[in-house]
Number of protein chains: 2
Amino acid sequence: MDKNKVEPKTLPGFMELLPSDQIEFNSIKEKIQKSYEKFGFLPLDTPIIEASEVLLAKAGGETEKQIYRFNKGDNDLSLRFDLTVPLAKYVAANFGELSFPFRRYQIGKVYRGEKAQAGRFREFYQCDIDIIGDGSLSIMNDAEIPSVIYSTFKSLGFEDFTICINNRKILNGLFKSLDLEEKSGDILRVIDKIEKIGKENVIKELEDEGVEKAKIEKIISFIEIEGDTDGKIAELNKLGITEPVFVEGVSELEQVVKMIRTYKVPDKNFKVDLTIARGLDYYTGTVYETFLDNYKKLGSVCSGGRYENLAEYYTDKKLPGVGISIGLTRFFYQMKKENILKDEPKAISKILVATMSEENIEYAIGVAEAIRNAGINVETSLGDKKIKAKFKYADKLQIPYVAVIGEEEVNQNQISLKNMQTGEQETLSIDEVIEKIK
Amino acid sequence: MDKNKVEPKTLPGFMELLPSDQIEFNSIKEKIQKSYEKFGFLPLDTPIIEASEVLLAKAGGETEKQIYRFNKGDNDLSLRFDLTVPLAKYVAANFGELSFPFRRYQIGKVYRGEKAQAGRFREFYQCDIDIIGDGSLSIMNDAEIPSVIYSTFKSLGFEDFTICINNRKILNGLFKSLDLEEKSGDILRVIDKIEKIGKENVIKELEDEGVEKAKIEKIISFIEIEGDTDGKIAELNKLGITEPVFVEGVSELEQVVKMIRTYKVPDKNFKVDLTIARGLDYYTGTVYETFLDNYKKLGSVCSGGRYENLAEYYTDKKLPGVGISIGLTRFFYQMKKENILKDEPKAISKILVATMSEENIEYAIGVAEAIRNAGINVETSLGDKKIKAKFKYADKLQIPYVAVIGEEEVNQNQISLKNMQTGEQETLSIDEVIEKIK
């Protein structure tokens, strides 16, 4: 290449897709959006850039290091690293204008300067829903969320997935009853790893944290509670822990499970998992993680939970909420890698209207317009390329049909329709073509 | 407010809408997208952050000053300021994988640190389509673009708009014939202002530029060419300018006009405007601007044109293209301000399913599910709020129907449906409700 040229490279950690992949990606994104809208969530689209003071009101530690932060003129600015902080700002700023419970979805890009490695993205889509209460928020909402997750993953074509549910109060209550509250953060972090590192290593790490053996035994016997959803709840009630936080957590979990069934989420698609903690200080009640049964190694593909107070850094108003997030960019990357993408479209146009010669252009434009008016995406190829080249183009773009328009077709007011998959070609009227494609 | 709270403010120049406005905005954005897809344009979604070296390969002057540019680690990064430079990078980088003509649309946010003032945005959506040829690109594409503009604005509910068309070669050829090529940039800049500053000031400014009087006269008589589309073209042919660039421009314009009619764009919705130049060095052939007939002061709401070479900074390949852009954020702001927004939806949910008491929850969830399965967005209100409060909530969210579910409804397997606009309430079966809402 010419030395004066700049190499047209895209930054590592930034997903940029070829058109056929982008079509799949957009199809999935749209299905998630439609699914969220089916349940009446309202759209938001907050800025990607915020004042650092606003965005980092709460952040700290690892998150803050990853932030894209910079000055423009006198302004200290940052790119959003999630959609929750902007939501908190938004609700605090527009409190008087909103109706509560405020149900919103937002699907947008967020930015984290993570170490670049396969499957880690610095720019990625999050698809969030949250329900925010003014002062209080009914536990009913904690049960509706799994029904949205269920409906969303069904709409993506999945059957075998499990929404795992827990309640942070159960864990917190357990630690309180063991007088381990101060260590709860560390203990949770260790417990969270049990699937990865195994029971023996969890015990070892808890010992390293200075937890007494008797207490470790209680913790382990708690997280080893077996059984189906109802069995686990029964076991929890049998533990005899009278600590009020624990009792409240079990009661909430019971209510949520009962309501999830009323929402007709099949027992096959949800379960109680007492080890799920989800972050250390943010969630305060129900928590969710979602796994594809046959691809557990992908980790949770949709997570969230209940929090006490959305916007405490911006307002005195108490705003409890419950929500979930799908990290779509990573999920899409994983689905492509594991080849578990369901039947998504690969083309925008359903048909390419191609002329044999210049004389047929007017007729071809009329055909294209008629098919478009029936709600079908149509591309035209009216230039003087050979028809073979036009077939090749349609094939490369995975357009399923080509309408060949020659002198005969024009004279007979017909279309020669080629099915690009079977190679079959037949002569049809415009209406028959529309019928066929729809 | 508590002194420890951070003020939840959004940066000036960044549009952040209330939900009902956001629903309208999204509806318009989706209509534009659907319209672009109707013509078979492929979606792209390039990163918002690019390496400064890549993004600024061409930029300079005013644009560069407005750029959000910063360092992260060792990397010199910038936020995209349009969707054309990322397209150029993309096509150069993925040349071998793409099919030409490469037809893509991109709808996304771009960033310019402009002076904050009403109607000026630092973060705004552009909705672009471009058709890129490999080596050459048929003039047919220059004619298809106005048919896409026409279809798009029709889909937004507009009738009275005019797509103004010109060809840069005509202007360039004129200047060449007058031996004013070197001053063409300055002259174009002056001509471009004629609507704003008037003929006398244009003459004065041209004199200030040092253009001879005789030449100014020729320029003025050129831009004053009157008549309808065909009349203007006839006048151009009568000027007797033999400069080949000029002749080619007039010929291209003639072809484009002829084809636009074949594309069935009504004469009412397009015209030749010989004063349109669109930028000084980027466009090289056909150029477009689009005006709402009754709101000309809004300026062009959709502009673009033909360019010689998309990606010369990245590749030796010659990639001519033609495209347009709608600056959606500004357009939406203007439409709201001028109150010319067409009939866009203001609510996501078509119906709120509200229970009278806890006993009705299961039935209500079944009702909501049945309506959702018919493809209708449904919100539920199952909490123990009074029904009056639920009506008020629906009213505030502009949800058109409320299904009231009480004991009687459950017993009779019916729904009491309230039309929130008329206040009318009637008892219907689920199927009747679905029929009604659809």
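Higher on the page you've got the structure.
Within any chain, residue numbers begin from 1 and follow the written order of that chain's sequence. Ligands are numbered from 1 and chains lettered from A, in the order in which they are written. Selection of residues for local features in this predicted model requires a pLDDT of at least 70, selection of side-chain atom pairs for listing and counting requires 80 or more, and totals for whole chains, interfaces and linings are taken over all residues. Excluding hydrogens and water, the side-chain values take into account all heavy atoms of the structure.

Enquirer: Quick rundown of the pairing of strand β5 (residues 102-111) of chain A? Include the residues and the values.
Expert: Residues and elements named next belong to chain A. The cut-offs for exposure are 20% and 50% of the maximum accessible area for each residue type, with area from a 1.4 Å probe on protein chains only; residues under the lower value are buried, those over the upper are exposed, and the others partly exposed. Here a helix means four or more residues in a row that DSSP labels H or I, a strand means two or more in a row labelled E, and each is numbered from the N terminus. Burial within β5 is extensive, with nine of its ten residues counted as buried. Between any two strands, pairing holds if DSSP finds at least two bridges. The pairing of strand β1 (residues 42-43) with β5 spans two bridges and is parallel. Its bridge partner lying in β5, Pro-43 is registered against Tyr-105. Relative to strand β6 (residues 123-132), β5 runs antiparallel, the two being bridged by ten bridges.

Enquirer: Tell me about unusual backbone geometry, and please be specific about residues and values.
Expert: The omega torsion across Phe100(A) and Pro101(A) is 0°, close enough to zero to call that bond cis. Structurally, Pro101(A) is set in the loop between α4 (84-93) and β5. A positive phi is found at Gln398(B), a non-glycine position, where the angle reads about 60°. Within the secondary structure, Gln398(B) is located in the loop between α15 (387-396) and β14 (401-405).

Enquirer: Please give an account of the interface of chain A and chain B that cites residues and values.
Expert: The partner chain B presents 96 residues to the 96 residues of chain A that form the contact. In short, buried area is how much 1.4 Å probe accessible area vanishes from two parts on joining, totalled over both. Taking both sides of the interface into account, the surface hidden between chain A and chain B amounts to around 8,200 Å²; carbon and sulfur atoms contribute 59%. Its largest share of buried area at the contact with chain B, chain A owes to Val6(A), Lys38(A) and Asp45(A), together 8% of the area lost on that side. In the sections that follow, a salt bridge refers to a side-chain nitrogen of Lys or Arg positioned within 4 Å of a carboxyl oxygen of Asp or Glu. The interface formed by chain A and chain B includes 14 salt bridges. In this structure, the salt-bridge partner of Lys34(A) is Glu30(B), at a minimum N-O distance of 3.7 Å. Here a polar contact is taken to be a pair of N or O atoms separated by no more than 3.5 Å, where protein atoms must pair a possible hydrogen donor with a possible acceptor and residues adjacent in sequence count only if both atoms sit in side chains. Here chain A and chain B share 42 residue pairs in polar contact (both at pLDDT 80 or more) between them. Note on contacts: a residue pair is in contact if any heavy atoms of the two residues lie within 4.5 Å.

Enquirer: So what's going on with the side chain of Asn419(B)? Which residues, and what values?
Expert: Residues and elements named next belong to chain B. Relative to the assigned elements, Asn-419 resides in strand β15 (residues 415-419). A polar atom in the side chain of Asn-419 sits 2.8 Å from the backbone nitrogen of Gln-421. Here Asn-419 is in contact with Pro-400, Tyr-401 and Glu-424, once residues within four sequence places are set aside.

Enquirer: How would you sum up the relation of the copies chain A and chain B? Please name residues and give values.
Expert: Superposing copies: least-squares fit, C-alpha atoms only, residues required to have pLDDT of at least 70 in both. For the pair chain A and chain B, the relating rotation is 180°, the translation along its axis is 0.0 Å, and the fit reaches an RMSD of 0.0 Å. These values place the two chain copies in the arrangement generated by a two-fold rotation axis. Distance from the rotation axis, computed per C-alpha, reaches its smallest value in chain A at Phe70(A): 3.0 Å.

Enquirer: So what's going on with the sheet that holds strand β4 (residues 75-79) of chain B? Which residues, and what values?
Expert: Residue and element names in this part refer to chain B. Strand order across the open sheet formed by three strands is β2-β4-β3, with antiparallel pairing between neighbours. Strands at the two margins of the open sheet, each flanked by one partner only, are β2 (49-51) and β3 (69-72). Averaged over all neighbouring strand pairs, the angle between strand axes comes to 40°, with direction disregarded. In this structure, β2 lies alongside β4, joined through three bridges in antiparallel fashion. When the bridges of β4 are listed, Ala-51 appears paired with Leu-77. To get an axis, fit a line to the C-alpha atoms, keeping to the stretch in contact for a helix; angles then go from 0 to 180 degrees between the N-to-C directions.

Enquirer: Go over the pattern of salt bridges, please, and point to the residues and values.
Expert: Taken as a whole and assessed by the stated rule, the structure comprises 71 salt bridges over all chains. The partner of Arg103(A) in a salt bridge is Glu144(A), and the shortest N-O contact between them spans 2.9 Å. Of the two residues, Arg103(A) sits in strand β5 while Glu144(A) sits in helix α5 (residues 140-155), which places them 41 residues apart along the sequence. Among the ionic pairs, Arg261(B) bridges to Asp230(B), the shortest N-O distance being 3.0 Å. Of this pair, Arg261(B) sits in helix α12 (residues 244-262) while Asp230(B) sits in helix α11 (residues 229-238), placing them 31 residues apart in sequence. The network of salt bridges with common partners includes Asp21(A), Glu24(A), Lys336(A) and Lys346(A).

Enquirer: Kindly report on helix α9 (residues 199-208) of chain B, identifying the contributing residues and their values.
Expert: Residues and elements named next belong to chain B. All of the buried residues along α9 are Val-202, Ile-203 and Leu-206. Taken around the axis of α9, the buried residues stretch over an arc of 100°, which confines them to a single face. Those residues of α9 that are exposed and aimed more than 90 degrees away from the buried face are Glu-200 and Asp-208. Tucked into the core, α9 has its buried residues touching α7 (184-191), α8 (194-197) and α10 (213-223). Following α9 by one or two positions, Gly-210 has its phi on the positive side, about 85°. Each C-beta atom gives one direction from the helix axis, and the arc is the one those directions make.

Enquirer: I'd like to hear about the environment of Glu97(B), residue by residue, with values.
Expert: For Glu97(B), the position within the fold is in the loop between α4 (84-93) and β5 (102-111). Sequence separation between Glu97(B) and Ile260(B) is 163 residues, and the spatial gap between their C-alpha atoms is 31 Å. The contacts of Glu97(B), once residues within four sequence positions are left out, are Leu18(A) and Lys396(A).

Enquirer: Break down the packing of aromatic side chains for me, citing the residues and quoting the values.
Expert: Classification of ring pairs rests on two measures: the distance between centres of Phe, Tyr or Trp rings, Trp counted by its six-membered ring, which must be within 6.5 Å, and the angle between planes, read as stacked under 30 degrees, edge-to-face over 60 and tilted in between. Evaluation of the coordinates by the stated rule reveals 31 aromatic pairs over all chains. Consider the rings of Phe95(A) and Phe100(A), whose centres lie 5.0 Å apart with planes at 35°: the pair is tilted. Judged by relative accessible area, which is 14%, Phe100(A) ranks as buried. A centroid spacing of 6.2 Å and a plane angle of 20° characterise the contact between Tyr90(B) and Phe102(B), whose relative ring orientation is stacked. With Tyr90(B) in helix α4 and Phe102(B) in strand β5, this pair connects stretches of sequence that are twelve residues apart. Look at Tyr90(B) and you get buried, because its relative accessible area is 0%. Ring pairing ties together the aromatic residues Tyr68(A), Phe70(A), Tyr111(A), Tyr68(B), Phe70(B) and Tyr111(B), which thus form one cluster. Geometrically, a charge over a ring is one whose NZ (Lys) or CZ (Arg) sits within 6 Å of the ring centre while staying within 35 degrees of the ring normal. Sitting above the plane of the Phe41(A) ring, Arg103(A) keeps its charged end 4.4 Å from the centroid. Over the ring of Phe39(A) we find Arg372(B), and its NZ or CZ is 3.8 Å from the ring centre.

Enquirer: Tell me about the packing of helix α6 (residues 168-177) of chain B against α7(B), and name the residues and values.
Expert: Residues and elements named next belong to chain B. It is at 11 Å that the axes of α6 and α7 come closest, and there the two elements cross at 120°. In terms of orientation, α6 lies oblique with respect to α7. At the point where α6 passes α7, the crossing takes the right-handed sense. Residues Arg-168, Leu-171 and Phe-175 of α6 touch α7, and the partners they reach there are Ser-184, Ile-187, Leu-188 and Ile-191. A class-by-class count of the residues in the contact of α6 with α7 yields five nonpolar, one polar and one charged. Small angles under 35 degrees read as roughly parallel and large ones over 145 as roughly antiparallel, with 65 to 115 read as roughly perpendicular and the rest as oblique. In this scheme, a crossing is called left-handed if the near helix is turned counterclockwise away from the far one by less than a right angle; it is called right-handed if the turn is clockwise. Under the scheme applied here, ten amino acids are nonpolar (Ala, Val, Leu, Ile, Met, Phe, Trp, Tyr, Cys and Pro), four are charged (Asp, Glu, Lys and Arg), and all others, including Gly, are polar.

Enquirer: Explain the sheet that holds strand β12 (residues 351-355) of chain A residue by residue, including any values.
Expert: Two orientations exist for strands paired in a sheet by backbone hydrogen bonds: parallel and antiparallel. Residue and element names in this part refer to chain A. The mixed open sheet is built from five strands, whose spatial order is β13-β12-β14-β15-β16. Each end of this open sheet is capped by a strand with a single partner; those strands are β13 (378-381) and β16 (425-428). Pairs of neighbouring strands in the sheet enclose a mean axial angle of 25°, with direction left out of account. By the bridge criterion, four bridges tie β12 to β13 in an arrangement that is parallel. Looking at the pairing, Ala-354 lines up with Ser-381 of β13. Against the sheet, helix α15 (residues 387-396) makes contact with β12, β13, β14 (401-405) and β15 (415-419), and its axis sits at roughly 170° relative to β12, the strand it touches most.

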